[in-house]
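Architecture at a glance
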Amino acid sequence: MPNLNDVELNNNNLITLNEETFLWLFENLQSFMLAGNEIRCDCRLRWMVSIPIPSYFKGECSQPEHMKGVSLKNLNNKVLVC
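Just so you know, these numbers come straight off a predicted model, no measurement behind them.

Here's the deal with the confidence of the model for the chain
Put simply, the chain has an average pLDDT of 93, and 99% of its residues get 70 or more. Considering each helix and strand of the chain separately, the mean pLDDT is smallest for helix α1 (residues 19–28), with a value of 90, and largest for strand β3 (residues 39–40), with 97.

Shown next, in the form of structure tokens:
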């Protein structure tokens, strides 16, 4: 899919983003939308901290409670614990 630029996975009941599945999307898309998912921001998302984020990216943590509402763009290893 070399011409794929934009992906919207809004409201798809996603809980975590597996590196093997999602890394290509983060590295190659211009737009990636994950709004409305119940993303659990824990150590399983550490892979996202050091990679480029698409220019247009929307998604936020829903769990754990202290991370609720934090943008996935603003994650760091200190807050991603298991």
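With respect to the side chain of S62
Checked against the element boundaries, S62 lands in strand β5 (residues 61–63). Relative accessible area serves as the criterion here: at 15%, S62 is assigned to the buried category. Among the polar contacts made by the side chain of S62, one reaches the main-chain carbonyl oxygen of N37 at a distance of 3.2 Å. If near-sequence neighbours (up to four positions away) are discounted, S62 is found in contact with N37, E38, I39 and K68.

Rules of the game
- Residues numbered from 1 in each chain as written.
- Predicted model: local features only at pLDDT ≥ 70, side-chain atom pairs only at ≥ 80, totals over all residues.
- Heavy atoms only, no water.
- pLDDT = per-residue confidence, 0-100.
- Helix = DSSP H or I, 4+ residues; strand = E, 2+ residues; numbered from the N terminus.
- Buried < 20%, exposed > 50% of the residue type's maximum accessible area, 1.4 Å probe, protein only.
- Polar contact = N/O pair within 3.5 Å; in protein donor to acceptor, adjacent residues only side chain to side chain.
- Contact = heavy atoms within 4.5 Å.

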